[in-house]
Amino acid sequence: MKSEVAFLLKKALVATYPDAKVQIHVEYPDKRYGDYATNVAFWLSKVLKKPPREIATKIAVNLKHPFIEKVEVAGPGFINITMNEHWWHSIVKKILTLKEGYGQLSIGNGKRIQIEYVSANPTGPLHVGHGRGAAVGDSLARILKKAGYEVEREYYINDAGRQIRMLGESIWARCMELQGKEVEFPEDGYRGNYVVDLAKEALREFPDILERPKDEAVEVLAQWGKDKLLKQIVDDLRSFNVSFDSFFSEKSLHESGEVSRIIEELKAKGYIYEKDGALWFKSTAFGDEKDRVVVRATGEPTYFAADIAYHKNKMERGYDTCIDVWGADHHGYIPRVKASMAALGYNPERLKVLLIQMVNLLKNGEPVVLSKRAGEIITLRWLINEVGTDAARFIFLTRKCDSHLDFDIEIAKRQTEENPVFYVQYAHARVCSIKRTAQERNITLSLNEPDLSLLKEEEEKELMRKLAQFPDVIENCAKTFEPHRLTYYLTELASLFHGYYNRFRVLTEDEALRNARFALCEAVRLVIKEGLNLLGVSAPEVM
RNA sequence: GCGGCAGUAGCUCAGCUGGACAGAGCAGCGGACUUCUAAUCCGCAGGUCGGGGGUUCGAGUCCUCCCUGCCGCGCCA
């Protein structure tokens, strides 16, 4: 609702200083100062060369609206605004009318955003780190949609190149072992147990596989294994409430010739040279720290070459913005991708890369040590089975992407008050419980024209203030690409609700008061439900 | 060595274009269930915002230097 206040401020500003051009920023001050505040006078004082208090006072005089109770100039020049009850009541009514549609914005203005996330190699199951990227990417997609963007979600499948062949060789080696044949396991092979399971299944599916020439067998197993693993990945993501609009195959870029074409295009522009038998892209011309190989001395294109083609393809599809969600260990990769886009004549600003920091797994405060050599990983599937999708998603979204995340498996499993997701869900369930109890006791509850002026308590006003912030939170998340702000908001809203619930009764004798309070609670419930939905977390009616 | 991220209460972390006395949860201590679910609530206690300089009317937030931790610097992806 900040935007409405900003609009009123804008009017007052124009009335006072018609020529002033300044961005109006509205904040939530400490509640003893008022409901909204702005520091616009400070910015103006720089331009007008007058004291901020003087400017603030003049603007305040012109700030009028039936919903404004009072306007005060405070401190060195803040303008504090206090709204009257009609303003707060209008918000509750708005929520009850719009329901889950409350908070829908149009700041995206129909602009197209593509968001690519997870994109894990189909050479093994998803691990916990992928889960964090999935939670962030998926929730961000939901939030951006809510903010009025046209959003497309994509998964880039690295189904070409060395790692897929290595998958085939790993399965082949395990097949040999299962048949009791001595064979050296490939040095960079995939050592996880899942490869043994795949090998067992492969032997059933292709009884003659080991009789075929090795190259052929490896190729068959590679493609078959890749498809199996991809299906498993998609299934895991589905259990994690994560979905995609499209899957884009790296292999298709090679097969369609797009990779070769992109190299020719860069060559024509003079950004490709040969050294040591390989072809190099002159990314240093666009700020990268060194040039990068696009075609190996063996004649094979690198992963990066395909990635250039992929990003060109994205640009050609006309998105206003493309978001790539990557693990933070890929940060050194950003300059070369942006360089390639610049070289091809695209504005690199159209690409935003979100780096997701590492997840540290803990067990009762102690780091979980995994042997990388033995291919030990903690899979997302395991995590979902242990702690559930709701808890895992919520915990992943309680940190900003830039921060490392300590994920303590025992705490997440414990399902106690240490686990914030239940706290928020419980608030939702409690409102549902009020409704149920009323039904059981034949108490009438009506949302029809509640008399909200009966909500006189400070706690009730606090709740209405918080509810009014929801659209601002959506806007904030969408602009910063930071979904974690929503989890904090929901926790705060739930906290206010629990406090209110403990102190006041909804099902009172006084029918008018009962209906007014229930209307407020129902508004809280609707916002929590929609908020959780944006995080991909369920809102149970009973707990 | 170069680069990225982090360094805020005992622990895990928030902190909205720089704003008005630095916030939450957990842990600790003390209270609240014949009344809409105690997975809850109320209260107390707890911090020279890693350190030094600087910019500003104002710095946890911006600049600079230093310290510590994690990560990256392949013709791997």
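Scope of this entry: the structure provided in the associated data block. (Residues numbered from 1 in each chain as written. Chains lettered and ligands numbered in written order. Predicted model: local features only at pLDDT ≥ 70, side-chain atom pairs only at ≥ 80, totals over all residues. Heavy atoms only, no water.)

Re helix α13 (residues 380-387)
- Turning to α13, its buried residues are Leu-380, Leu-383, Ile-384 and Val-387. The buried residues of α13 occupy one face: seen down the axis, they fall within an arc of 100°.
- After α13 finishes, the residue Gly-388 shows a positive phi value of roughly 90°. (Buried < 20%, exposed > 50% of the residue type's maximum accessible area, 1.4 Å probe, protein only. Helix = DSSP H or I, 4+ residues; strand = E, 2+ residues; numbered from the N terminus. Arc of directions from axis to C-beta.)

Points about the nonpolar core
- Ranked by internal contacts, the top residues of the largest apolar core, which has 120 residues, are Tyr-36, Leu-237, Phe-396 and Leu-486.
- Among the elements that line this core, the one with the most residues is helix α19 (residues 511-535), at 13 residues.
- Counting residues in hydrophobic clusters, the runner-up holds 32 residues, among them Ile-272, Tyr-333, Ile-334 and Val-353. (Core = buried A, V, L, I, M, F, W, Y, C linked by side-chain atoms within 4.5 Å.)

A closer look at the sheet that holds strand β8 (residues 272-275)
- Read from one edge of the open sheet, three strands run β8-β9-β10, paired in antiparallel fashion. The sheet terminates laterally at β8 and β10 (292-295), the two strands that pair on one side only. Across the sheet, the mean angle from the axis of one strand to that of its neighbour is 45°, orientation sign disregarded.
- Relative to β10, strand β9 (residues 278-281) runs antiparallel, the two being bridged by three bridges. (Pairing = 2+ DSSP bridges. Axes fitted to C-alpha atoms, helices over the stretch in contact; angles between N-to-C directions.)

Remarks on the protein's contact with RNA strand B
- In the region of RNA strand B, 67 residues are neighbours, and Arg-296, Tyr-423, Arg-430, Ser-433 and Phe-504 sit closest.
- The contact atoms of RNA strand B, taken as those within 4 Å of the protein, divide so that sugar and phosphate hold 63%.
- Put simply, the parts of the chain that give the surface near RNA strand B at least two residues each are α2 (40-48), β4 (78-83), β9, α16 (420-440) and α18 (484-503).
- Counting residues per element, the surface near RNA strand B draws most heavily on α16, at nine residues.
- When its residues are assigned to classes, the surface near RNA strand B shows 27 nonpolar, 18 polar and 22 charged. (Near = heavy atom within 4 Å. Nonpolar A, V, L, I, M, F, W, Y, C, P; charged D, E, K, R; others polar.)

Re the packing of helix α17 (residues 458-480) against α18
- The interhelical angle for the contact between α17 and α18, taken along N-to-C directions, is 170°, at an axis separation of 9 Å. Considering the angle they form, α17 stands roughly antiparallel to α18. Across from Glu-459, Glu-460, Glu-462, Leu-463, Lys-466, Leu-467, Gln-469, Phe-470, Val-473, Asn-476, Cys-477 and Thr-480 in α17, the residues of α18 making contact are Arg-485, Leu-486, Tyr-489, Glu-492, Leu-493, Leu-496, Phe-497, Tyr-500 and Arg-503. (Parallel < 35°, antiparallel > 145°, perpendicular 65-115°, else oblique. Contact = heavy atoms within 4.5 Å.)

Side note on the packing of helix α5 (residues 128-146) against α19
- At a minimum axis separation of 7 Å, α5 and α19 run at an interaxial angle of 130°. The orientation of α5 with respect to α19, classified from their angle, is oblique. Contact with α5, carried on its side by Ser-139, Arg-142, Ile-143 and Lys-146, involves Glu-530, Asn-533, Leu-534 and Leu-535 of α19 and no other residues of that element.
- Within the contact of α5 with α19, the residues separate by chemical class into three nonpolar, two polar and three charged.

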